[in-house]
Amino acid sequence: MSNQLPESIGQLNSMLYRYGNIYMNEQLKPYQLSAGQYQFLLVLFYREGISQDEVASILKMDKGTTARAVAKLEAEDYVRREVDVMDKRAKKLFLTEKARQFEKQLRTILEQWKAILTSDLTEEEQEQAFELLGRIAKNAERYLEKAED
């Protein structure tokens, strides 16, 4: 009898997540970042000047996790928070020059991880995998949205 558990989508997803975090933590260490922060930078590369709550919503993360990640990014001089002139309770997030200079390195790190993951897949298989994972994620999102109602 094998000691290995049967594979499931959840188990495979969990393995990919853990391996991805190990890789990202290793790659981001020289920049004083970890796997828990880079996603927030990616959002700001596309939508700088949005609120912390908007970032949390885009990433489907809770406000506490977002606040801690943003505080770390701020402490490392990657982002700055400014009070929203229209809503004094909200803070808008902006990239620093350090973050702008780091964008190319981050994208290279992410491309290298993608190349590692897809090294033995054809272009068509890569597209299929991306499309199928997207549909699976959407199914999970729909389920959780219904459960909240």
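Preceding block: the structure.
Residues numbered from 1 in each chain as written. Predicted model: local features only at pLDDT ≥ 70, side-chain atom pairs only at ≥ 80, totals over all residues. Heavy atoms only, no water.

> Got a minute to help me understand the packing of aromatic side chains in this structure?
The geometry of an aromatic ring pair is captured by the separation of the ring centres together with the interplanar angle, meaning the angle of the planes. Counted according to the given criterion, the structure contains 3 aromatic pairs. Taking 4.7 Å as the distance between ring centres and 20° as the angle between the ring planes, the aromatic pair formed by Y23 and W113 counts as stacked. Taken together, the positions of Y23 in helix 1 (residues 9–28) and W113 in helix 5 (residues 97–117) put the pair 90 residues apart, joining distant regions of the chain. Since its relative accessible area comes to 10%, Y23 is described here as buried. Judged by its relative accessible area of 17%, W113 falls in the buried class. Among the aromatic residues, ring-to-ring pairing joins Y31, Y78 and F102 into one connected group. (Phe/Tyr/Trp six-rings, centres within 6.5 Å; stacked < 30°, edge-to-face > 60°. Helix = DSSP H or I, 4+ residues; strand = E, 2+ residues; numbered from the N terminus. Buried < 20%, exposed > 50% of the residue type's maximum accessible area, 1.4 Å probe, protein only.)

> Would you mind going over the nonpolar core with me for this structure?
The tendency in soluble globular proteins is for nonpolar side chains to be buried as a group. Counting 26 residues, the largest nonpolar core has M24, L28, L41 and L106 as the members making the most contacts within it. Of all the elements in the fold, those that place two or more residues in this core are helix 1, helix 2 (38–46), helix 4 (63–75), strand 2 (91–95) and helix 5. In terms of residue count, the dominant contributor to this core is helix 2 (7 residues). For L28, the contacting residues outside a window of four places in its chain are L33, S34, A35, Y38, F102, L106 and I109. (Core = buried A, V, L, I, M, F, W, Y, C linked by side-chain atoms within 4.5 Å. Contact = heavy atoms within 4.5 Å.)

> Got a minute to help me understand the pattern of salt bridges in this structure?
By the definition in use, this model includes 12 salt bridges. Residue E54 pairs with R47 through a salt bridge whose shortest N-O separation is 4.0 Å. Using a relative accessible area of 34% as the deciding quantity, one classes E54 as partly exposed. Since its relative accessible area comes to 41%, R47 is described here as partly exposed. Residue K72 pairs with E76 through a salt bridge whose shortest N-O separation is 3.2 Å. (Salt bridge = Lys/Arg side-chain N within 4 Å of Asp/Glu carboxyl O.)

> What's the story with the side chain of D84 in this structure? I'm lost.
Among the structural elements, D84 can be located in the loop between strand 1 (79–83) and strand 2. A residue is classified by how much of its surface remains accessible, and D84, at 14% relative accessible area, is buried. Separated by 2.9 Å, the side chain of D84 and the backbone nitrogen of M86 make a polar contact. Apart from the residues within four sequence positions on either side, D84 is in contact with A90, K91 and K92. (Polar contact = N/O pair within 3.5 Å; in protein donor to acceptor, adjacent residues only side chain to side chain.)

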